[in-house]
Amino acid sequence: MRTTRLRTVHPVLWAGWAALAAGAVLCVIGWYGVSGERFAERQLPYLASCTVPGAALIVAGAVLLAHGRGALAAARVEELYGLLVAAEPDDSERGTSPSAAPLAVSGRLLMVPGGTLWHRADCPLVAGKAEAVPVDAGLVRGGDLSPCPICEPAEADD
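Residues numbered from 1 in each chain as written. Predicted model: local features only at pLDDT ≥ 70, side-chain atom pairs only at ≥ 80, totals over all residues. Heavy atoms only, no water.

Asker: Whenever I open this one, the overall build of the protein chain confuses me. Can you help?
Answerer: Per the secondary structure count, the protein chain includes 4 helices and 4 strands. Starting at the N terminus and ending at the C terminus, the protein chain contains elements arranged as α-α-α-β-β-β-α-β. A burial count over the protein chain gives 23% of its 158 residues as buried. Pairs at least 24 apart in sequence give 60% of the contacts found in the protein chain among residues at least 6 apart. With an accessible surface of roughly 10,700 Å², the protein chain has 65% of that area assigned to carbon and sulfur atoms. (Helix = DSSP H or I, 4+ residues; strand = E, 2+ residues; numbered from the N terminus. Buried < 20%, exposed > 50% of the residue type's maximum accessible area, 1.4 Å probe, protein only. Contact = heavy atoms within 4.5 Å. Areas by Shrake-Rupley, 256 points an atom, 1.4 Å probe, with all protein chains shown as cover.)

Asker: Is there a simple way to think about the pattern of salt bridges in this case?
Answerer: Pairs can form between side chains of opposite charge once their charged atoms are near each other. Applying the stated criterion across every chain, the model contains 1 salt bridge. Of the charged contacts in the structure, one is a salt bridge between R42 and E37, with a shortest N-O distance of 3.8 Å. (Salt bridge = Lys/Arg side-chain N within 4 Å of Asp/Glu carboxyl O.)

Asker: Would you mind showing me how to read the sheet that holds strand 3 (residues 133-134) here?
Answerer: For sheets, the rule is that strands pair by backbone hydrogen bonds, running either parallel or antiparallel. Within the open sheet, the 4 strands sit side by side as 3-1-2-4. Their pairing is mixed. Both outer strands of the open sheet, strand 3 and strand 4 (146-147), are each paired with one neighbouring strand and no more. Examined bridge by bridge, strand 1 (residues 109-111) and strand 3 share 2 bridges and lie antiparallel to one another. Directly across from L110, in strand 3, lies its bridge partner P134. (Pairing = 2+ DSSP bridges.)

Asker: Honestly, helix 2 (residues 40-86) in this entry has me stumped. Any pointers?
Answerer: For the α-helix, the turn length of 3.6 residues means that residues three or four positions removed from each other point alike. Its 47 residues give helix 2 an end-to-end C-alpha distance of 66 Å, which sits within 8% of 69 Å, the value for a rise of 1.5 Å per residue. Of all the bends in helix 2, the greatest measures close to 45° and is centred on L47. (Expected span 1.5 Å × (residues − 1). Bend = angle between axes of the 7 residues up to and from the residue.)

Asker: When you look at a nonpolar patch on the surface in this model, what are you seeing that I'm missing?
Answerer: A grouping of Y81, L84 and V85 is seen on the molecular surface, where their side chains present a nonpolar patch of about 340 Å² in accessible area. Inspection of the secondary structure assignment puts Y81 in helix 2. (Patch = residues over 30% accessible without salt bridge, like charges linked within 9 Å, V, L, I, M, F, W, Y side chains within 5 Å.)

Shown next, in the form of structure tokens:
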């Protein structure tokens, strides 16, 4: 994946550098030609044939370099994302990984006044919060509170 993207990005970078170099050479030639002429009528051909196209090539080269660097950065971000997504454990490793263990197992249920979720007491979202109070069963039955998606308290626990 990376090599194919880099193969498409490198020609853009080379073209940008080539356009910058050609533009700089044309601007130098135009300046040299203008500096040798005393009258404005004789300087205009150098401006029209060398300096203006040289400046346009410099701008085009800068745009190509910016685009190439942006595409290179995007390719690197996508490669890192691919590595992150590919790091998912297979089925044999899932049983031994620490993420397979339940996050919260306490039977005591808490809620935060004004909140919309109810939690197990050892849920990381309410653990150590002084404002957490025991769940009001009427709010749970009325549908005002939803179970926390992190600790996933069972409906039978209330």
